[in-house]
Amino acid sequence: MNAHRVSRRSLLAAGTALAGWAAFSAQKQSFAAEAAAAGTEGGEWNAQPTVFQVNREAARARLIPYPDTGAALAGGLGRTPYFRSLNGSWRFHWSKNPDERPRDFHRPGYDDSAWDRITVPANWEIEGYPEPIYLNIRYPWVGYETPEPPHVPAGFNPVGSYRRTFTVPGTWRDRRTLLSFQGVKSAFFVWVNGERVGYSEDSYTPAEFDITDRLKPGTNSLAVEVYRWSDGSWLEDQDMIDLSGIFRDVYLYSIPPVHLQDLQVRTDVDGAGRDAGLTVTATVRDRGA
């Protein structure tokens, strides 16, 4: 298949391709092990379509703990001591392509004093880095390169390197700390204190990581490497302006070892629309010993 003749709609219309992509979801628990065995660590963003997450929490309802029933009923994240926003000013470096990115920027002692600052959340194209591209039928890299799927551009495929520091309250000791990204496009790696935490695609699905075992007392370093286009970009098919970066909230929250992991609420209404049955299913998880 010639890349310049490939459109989203023609790719998505291929029945065999769709069947293959549908099967991936059933295998997601083994993806990280497969990637490690194949020696693909660090290359998950390109031509690794079976790997769309490494060490990422399973998608679930958003459940931020509160200290007591009254605070929970009142609502508002300002009423819980178990939430800490990481929004704000981050150090930022924009690279034209993966080869030009700073490879060791995740190390805690890395000197980023000459880097720019960028607001998180934000799209880096809106902050002055090239460049918004309007999408309809054609892929956004048309005019730059013509890769064959599942490969993605390498000459012009910007990478955003983000850095910041944070602290964790002492009251979170003996609990688990999760790091939550509500939206990052299109793929990203995460490091805490120089240790790789994980990887995620799925731009508009929140990605969460349990970082408890990588934390230390005092100041911690956080590094995020964002790729504008990944192999998941082949599946995007919609009219939109193609933008990149950490574009939704980033925050930490603390949970007890035994906690409410997920919640499903279902309402079944009778044919007449007069009576309904409410089913609530709760999943409890024990992350302790």
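So, how was this worked out
- Residues numbered from 1 in each chain as written.
- Predicted model: local features only at pLDDT ≥ 70, side-chain atom pairs only at ≥ 80, totals over all residues.
- Heavy atoms only, no water.
- Helix = DSSP H or I, 4+ residues; strand = E, 2+ residues; numbered from the N terminus.
- Contact = heavy atoms within 4.5 Å.
- Areas by Shrake-Rupley, 256 points an atom, 1.4 Å probe, with all protein chains shown as cover.
- Phe/Tyr/Trp six-rings, centres within 6.5 Å; stacked < 30°, edge-to-face > 60°.
- Lys NZ or Arg CZ within 6 Å of the ring centre and 35° of its normal.
- Buried < 20%, exposed > 50% of the residue type's maximum accessible area, 1.4 Å probe, protein only.
- Lys, Arg positive; Asp, Glu negative; His and termini not counted.
- Salt bridge = Lys/Arg side-chain N within 4 Å of Asp/Glu carboxyl O.
- Polar contact = N/O pair within 3.5 Å; in protein donor to acceptor, adjacent residues only side chain to side chain.
- Patch = residues over 30% accessible without salt bridge, like charges linked within 9 Å, V, L, I, M, F, W, Y side chains within 5 Å.
- Pairing = 2+ DSSP bridges.
- Core = buried A, V, L, I, M, F, W, Y, C linked by side-chain atoms within 4.5 Å.
- pLDDT = per-residue confidence, 0-100.

1. Brief notes about the overall build of the protein chain
Step number 1: A tally of helices and strands in the protein chain yields four helices and 17 strands.
Step number 2: Put simply, 77% of the contacts in the protein chain that link residues at least 6 apart link residues at least 24 apart.
Step number 3: When the accessible surface of the protein chain is totalled, it reaches about 14500 Å², and 50% of it is carbon and sulfur.

2. Some remarks on the packing of aromatic side chains
Step number 1: Taken as a whole, this structure holds 23 aromatic pairs when the rule is applied.
Step number 2: Ring pairing ties together the aromatic residues Trp45, Phe105, Tyr110, Trp115, Phe189, Trp191, Tyr199 and Tyr227, which thus form one cluster.
Step number 3: The cationic tip of Arg175 hangs over the ring face of Tyr82; the distance from NZ or CZ to the ring centre is 3.7 Å.

3. Side note on the side chain of Arg91
Step number 1: Residue position: Arg91 is located in strand S3 (residues 88-95).
Step number 2: Of the buried charged residues, Arg91 lacks a salt bridge, with Asp112 as the closest side chain of opposite charge at 4.1 Å.
Step number 3: A polar contact is formed between the side chain of Arg91 and the backbone oxygen of Trp115, at a distance of 2.9 Å.

4. Considerations on a nonpolar patch on the surface
Step number 1: Residues Val258, Leu260, Leu263, Val265, Leu278, Val280 and Val284 make up a contiguous nonpolar surface patch of about 630 Å² in total accessible area.
Step number 2: For the nonpolar patch, the elements supplying multiple residues, two or more each, are strand S16 (258-269) and strand S17 (276-286).
Step number 3: Looking at the element boundaries, Val265 is found in strand S16.

5. Here we look at the sheet that holds strand S12 (residues 219-227)
Pairing between the strands of a sheet comes from backbone hydrogen bonds, and it takes one of two forms, parallel or antiparallel.
Step number 1: What the seven strands build is an open sheet, ordered S1-S10-S9-S12-S6-S3-S4; its pairing is antiparallel. Each of the sheet's edge strands pairs with one partner strand only, and the pair in question is strand S1 (53-54) and strand S4 (116-120).
Step number 2: Here strand S9 (residues 187-192) pairs with S12 via six bridges, running antiparallel. Along S12, the bridge assignment pairs Trp191 with Ala223.

6. A closer look at the pattern of salt bridges
Step number 1: Inspection of the entire model under this criterion finds 15 salt bridges.
Step number 2: A salt bridge links Lys185 to Asp242, with the nearest nitrogen and oxygen atoms 2.9 Å apart. One end of the pair, Lys185, is in strand S8 (residues 184-185); the other, Asp242, is in strand S13 (residues 240-242), with 57 residues separating them in the sequence. Comparing Lys185 with Asp242 shows no difference in burial state: the two are buried.

7. Digging into the nonpolar core
Step number 1: Formed by 27 residues in total, the largest nonpolar core has its most connected members in Trp90 and Tyr162.
Step number 2: Put simply, the parts of the chain that give this core at least two residues each are S3, S4, strand S6 (159-167), strand S7 (176-181), S9, strand S11 (207-210), S12 and strand S15 (250-255).
Step number 3: With 21 residues, the next largest nonpolar core counts Ile133, Ala187, Tyr199 and Met240 among its residues.

8. As for the confidence of the model for the protein chain
Step number 1: Looking at the protein chain as a whole, the pLDDT averages 88, with 86% of positions reaching at least 70.
Step number 2: Scored below 50 in pLDDT, residues 1-5 shows eight contacts in the model against residues more than four places distant or in partner chains.
Step number 3: Every residue in residues 12-39 scores below 50 in pLDDT, and together they form 21 contacts with partners more than four places removed in sequence or on other chains.

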